[in-house]
Amino acid sequence: MEKASTRDVPRPFELHWGKGLIVEEVTYSGEHHQPAIQLLEFEDGVLSIRFCYYDHAGRFQRSPLMVGQDEVAGLRNALAKTPRLHALLKDMVG
């Protein structure tokens, strides 16, 4: 199993409809890519969850996120360090 990858948070993001900060992030370095779940806080305080991934060189990828069982387990373990993101995802799945 690969180790989790880390990036500095908070860090800025900018989309066509707004910008803000990535305030929490969990990621896992899998065989093919680094899936990530991010808590985005827009400038107006609205929170959103982004499911995305990076290549192994650390470049953001704009394709659908696909994760296997090992990556799910790695992301689940990393969620212990992100209380706000963990709470929102827990609320989402009931």
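Structural notes, computed from the coordinates. None of these values were measured; they are calculated from a predicted model. (Residues numbered from 1 in each chain as written. Predicted model: local features only at pLDDT ≥ 70, side-chain atom pairs only at ≥ 80, totals over all residues. Heavy atoms only, no water.)

## Some words on the overall build of the protein
Helix and strand counts for the protein come out as two helices and five strands. N-terminal to C-terminal, the α/β element order of the protein is β-β-β-β-β-α-α. In terms of C-alpha radius of gyration, the protein reaches 13 Å, essentially the compact-globule figure of 12 Å for 94 residues. Each principal axis of the C-alpha atoms in the protein carries an extent, and together these give about 40 × 30 × 20 Å. For the protein, with 94 residues in total, the buried portion stands at 40%. Intrachain contacts of the protein at a sequence separation of at least 6 include 43% that bridge at least 24 residues. (Helix = DSSP H or I, 4+ residues; strand = E, 2+ residues; numbered from the N terminus. Rg over C-alpha atoms; globule rule 2.2 N^0.38 Å. Buried < 20%, exposed > 50% of the residue type's maximum accessible area, 1.4 Å probe, protein only. Contact = heavy atoms within 4.5 Å.)

## A few points about the side chain of H33
Relative to the helices and strands, H33 is located in the loop between β2 (18-27) and β3 (34-42). With relative accessibility at 11%, the residue H33 sits in the buried group. A polar contact of 2.9 Å, which involves the side chain of H33, links it to the backbone oxygen of M66. In contact with H33, other than residues within four places in its own chain, are Y28, Y53, Y54, H56, L65, M66 and E71. (Polar contact = N/O pair within 3.5 Å; in protein donor to acceptor, adjacent residues only side chain to side chain.)

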